[in-house]
Amino acid sequence: MTHYAWTWVAIVGAGVAMWAVKAVGHRVPEHALDNPRLVRIASLVTVTLLTALAAIQTLTSGNRLEVDARVPAIVVAGLLLWRKAPFIVVVAAAAGVAAGMRALGWG
Amino acid sequence: MALLGLGRLTPAHHQAISVSVATGAYALSFGALSVAAGLDLWQTMALSLLVFSGGSQFAFVGVIGAGGSVAVAAATSTFLGVRNGFYGVALAPVVRPWHGPRAWWGTQVTIDESTAVALAQPEGDREARQAAFWWTGVGVYVLWNAITVAGALLGQRVGDPAAWGLDAAAAAAFLALVWPRLANRRSLTVAVVASAIALGLTPFSPAGVPIMVAAVVAVVAGWPSPRAGIRARAAGAAS
């Protein structure tokens, strides 16, 4: 087979494998989910998932740690959240701060 | 207004739409990178349609672009996607029971963002959690695939989504989603330790792995039974 054909095999294979990985979690038997320990951990996993995503999205570029216009943007977002601003305002303000600073050539 | 249903959009819908746009925009980078790595338009589209997990797709084309074998590309992609398997467990109270096409589609759109927005809704509000899961999952799927095509066609001419501040928008969206859960000290500690670990591991591990390892903090913190005194606060954390 050509390299092109093998690339297709890898793409479809990766797709099937990913679907299977996703499906496994959805097939964990019901009774296993009643465990209070599992419920506690699942609730905390939500916190780690969201904060890890926020931290990585704010402070990394590829494999590097990087401080740029996203940092003031997230600080503004934090202040707005503290002032109980609506979700969409927080997100739009963060985008505006980062885009504005970059347009001015800062970070 | 009722026809469009816009008047009835709940906070869960607003969050789902914001996260879908901020995430979907990154498919522009993916499409351009994939073509630059030597894949053609159809292969690029197939990756977004079939694999549908950002970190895994970037890793797949990264391996190919660096001259690696297609087998290593597929294996790396799958390894990075293992965390998606855990999301099905966390989503069980939200989505079960499901059958037929719903189960097929729901499985395919089980990713970081759909899980995060669904679980960020109040624990008792199953309707909001379901809306958040489906709107975010399908929203990201549609935009991610459409914008992948645009990125692949425009190639090197695409602008950087960062110029529009979309990277900061995504970061702010995740912060806003976790915000209500940081009200008690236990969750706050878990959050700080988890983000420190995720950031500390970033220079040394492929994308996706730091998020997975950060989840170990949740396992360690959630393993012991809470003592009576902090049980009330732990229950507060869950709401």
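Residues numbered from 1 in each chain as written. Chains lettered and ligands numbered in written order. Predicted model: local features only at pLDDT ≥ 70, side-chain atom pairs only at ≥ 80, totals over all residues.

Time to look at the overall build of chain B. Check the secondary structure of chain B and you find 14 helices and 0 strands. Put simply, chain B runs from its N terminus to its C terminus through helices and strands in the order α-α-α-α-α-α-α-α-α-α-α-α-α-α. On C-alpha atoms alone, chain B measures out to a radius of gyration of 19 Å, which is about the 18 Å that the 2.2 N^0.38 rule sets for 239 residues. Structurally, chain B occupies a C-alpha span of about 60 × 50 × 40 Å along its principal axes. Looking at chain B residue by residue over its 239 residues, the buried ones come to 51%. (Helix = DSSP H or I, 4+ residues; strand = E, 2+ residues; numbered from the N terminus. Rg over C-alpha atoms; globule rule 2.2 N^0.38 Å. Buried ≥ 20, exposed ≤ 12 C-beta atoms within 10 Å, placed from the backbone.)

Our next topic: the interface of chain A and chain B. Contacts between the two partners involve 63 residues from chain A and, on the opposite side, 76 residues from chain B. Mapped by element, the contributors of at least two residues to the side of chain A that touches chain B are helix H1 (3–26), helix H2 (36–59), strand S2 (64–65), helix H3 (70–82) and helix H4 (87–103) of chain A. The element best represented in the side of chain A that touches chain B is H2(A), accounting for 21 residues. Within the side of chain A that touches chain B, the residues separate by chemical class into 42 nonpolar, 15 polar and 6 charged. (Contact = placed C-beta atoms within 7 Å. Nonpolar A, V, L, I, M, F, W, Y, C, P; charged D, E, K, R; others polar.)

The domain boundaries assigned to chain A delineate domain 1 (1–30), domain 2 (35–65) and domain 3 (67–107). Computed from C-alpha coordinates alone, the two centres of domain 1 of chain A and domain 2 of chain A are separated by 25 Å. (Domains from an automatic or database assignment.)

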